[in-house]
Amino acid sequence: MVDSALRQAFITASRSPQAEKIVRSSPLTKPLVQRFVAGEAFMAARAAADRLTANGLRVTYDHLGEAMTDEAAVREMVQLYRGYFAAAPRGSHFSLKLSQLGLTIRESLVRESLDAICTQAAEHDHHLRVDMEESATIDATLRLVEEAHGRGGDPGIVVQAMLRRAPELLQWAIDHDVRVRLVKGAYQEPESVAYTGREPIRHAYLALLGPLLAKSRAPAVATHDDVLLAAAAQIAGQFGNRSYEVQFLYGVREDFARQLVRDGTPVRIYTPFGTAWYPYFMRRLAERPQNVGFFLRQVLDRAASAATTGRNSDGNGSAK
Ligand code: FDA
């Protein structure tokens, strides 16, 4: 109960500019952000990728950014991708969000931007995947991905198992031969749209593993959940050495990822970088109460110590 209220509070805060100001201005935030985000510049992500690949792991780069409301900034984003694609080793993987390409501005802008990015990616043999955001954006996302395929692009998608319509979405990807990453789902959705609670979501995910592993192209099992990973290995075994990869988030259970690789399962690490880390970071805190507790404890400790010493949170004693 407390966990789900905390989760909801952190997801709500992930969309609040006021909360962003507070979180960004705390000097305590930085070390935790560094756990989940490889750095601000692409070269920091490349350095992280070099370390990960030296340990047998694969990498997906993600330039953080979402809910863009400025058309000029979207056009600049397309140019930034051009630079990242040129700087990444041939055949690299990239994930992006359509709200980063202007989904909240107008669909034609996304269409144009996604086309440019798909064309640039193909020039370097890179692989693209479109992350899935709030459920209200799904139909537009599928429409734009289908259109991109119609024009020769090959962006993959993500299916969020917590959604009641997830089986239909997975079937859509299978029917359209679109690559799928299966996740639990990171957004707050109403009961009518999504299952809530750990066990119902786990069950929903389990039910999708069969069709994912049997029928989809290049399936990706993206979860850090032991139960689901064991089930995926068992189901894949039933289909006889069918190739799939596991995907983890940067900063989460890397030791376990390395163990999976040693045991013969390929693992790709979703490696985010950039300055727009705030909503992504808040969703990572929301996913695990211990993260939230750790973060809140640090902030409260600092507030308490500021109160007893009469200093402000910058520690310089001056009133601002
Ligand atoms: P669960 O949350 O139950 O975690 C299982 C265990 O993993 C925990 O007990 C803990 O040990 C560890 N763990 C998980 N999250 C942690 C964290 N933040 N910090 C520390 N430990 C943690 N979602 C979405 O809606 N759209 C998308 O496009 C994507 N894309 C995506 C890509 C990849 C590669 C991954 C791995 C995940 C996503 N997600 C996503 C996020 C996904 O929906 C989900 O929120 C997280 O993966 C957490 O769920 P788990 O399946 O790991 O289970």
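Residues numbered from 1 in each chain as written. Predicted model: local features only at pLDDT ≥ 70, side-chain atom pairs only at ≥ 80, totals over all residues. Heavy atoms only, no water.

Engineer: Break down unusual backbone geometry for me, citing the residues and quoting the values.
Structural biologist: With phi around 60°, Asp 125 is a residue other than glycine that occupies positive phi space. One can find Asp 125 in the loop between α6 (107–123) and β3 (127–130). For Arg 253, which is not glycine, the phi dihedral falls at a positive 50°. Along the chain, Arg 253 turns up in the loop between β7 (245–249) and α11 (254–262). With relative accessibility at 35%, the residue Arg 253 sits in the partly exposed group. (Helix = DSSP H or I, 4+ residues; strand = E, 2+ residues; numbered from the N terminus. Buried < 20%, exposed > 50% of the residue type's maximum accessible area, 1.4 Å probe, protein only.)

Engineer: Account for α6, naming residues and giving values.
Structural biologist: The first and last C-alpha atoms of α6 sit 24 Å apart over 17 residues, in line with the 24 Å expected at 1.5 Å per residue. The set of residues buried in α6 consists of Leu 109, Val 110, Ser 113, Leu 114, Ile 117, Cys 118, Gln 120 and Ala 121. Buried residues of α6, seen end-on, are gathered within an arc of 165° and therefore sit on one face of the element. Looking one or two residues beyond α6, the residue adopting positive phi is Asp 125, at roughly 60°. (Expected span 1.5 Å × (residues − 1). Arc of directions from axis to C-beta.)

Engineer: Kindly report on the pattern of salt bridges, identifying the contributing residues and their values.
Structural biologist: Under the definition given, this model contains 29 salt bridges. Residue Arg 111 is joined to Glu 147 by a salt bridge in which the shortest nitrogen-to-oxygen separation is 2.5 Å. One end of the pair, Arg 111, is in helix α6; the other, Glu 147, is in helix α7 (residues 138–150), with 36 residues separating them in the sequence. Glu 147 sits in the partly exposed class, given a relative accessible area of 24%. Residue Asp 131 pairs with Arg 181 through a salt bridge whose shortest N-O separation is 2.9 Å. (Salt bridge = Lys/Arg side-chain N within 4 Å of Asp/Glu carboxyl O.)

Engineer: An account of the site of the ligand is requested, with residue identities and associated values reported.
Structural biologist: Neighbouring the ligand are 27 residues, the closest being Lys 184, Gly 185, Thr 223, His 224 and Glu 287. The contact in question runs from an oxygen atom of the ligand to an N or O atom on the side chain of Gln 160, over 2.9 Å. Here the ligand has 930 Å² of accessible area as a free molecule, and 90% of this is covered by the chains. Listing elements by their share of the shell around the ligand, those giving two or more residues are α3 (29–36), β4 (157–160), β5 (180–183), β7 and α12 (278–287). The biggest single contributor to the shell around the ligand is β7, with three residues. Here the residues of the shell around the ligand are counted per class, giving 11 nonpolar, six polar and 10 charged. (Near = heavy atom within 4 Å. Polar contact = N/O pair within 3.5 Å; in protein donor to acceptor, adjacent residues only side chain to side chain. Areas by Shrake-Rupley, 256 points an atom, 1.4 Å probe, with all protein chains shown as cover. Nonpolar A, V, L, I, M, F, W, Y, C, P; charged D, E, K, R; others polar.)

Engineer: Now, about α11: what can you tell me, with residues and values included?
Structural biologist: Burial in α11 covers these residues: Glu 254, Ala 257 and Leu 260. Within α11, the buried residues cover an arc of 110° as seen down the axis, which keeps them to one side. Across from the buried face of α11, at angles greater than 90 degrees, the exposed residues are Asp 255 and Arg 262. Close packing links the buried residues of α11 with α4 (42–54), α10 (226–238), β7 and β8 (267–273). The positive-phi residue at the C-terminal boundary of α11 is Gly 264, with phi of around 105°. (Contact = heavy atoms within 4.5 Å.)

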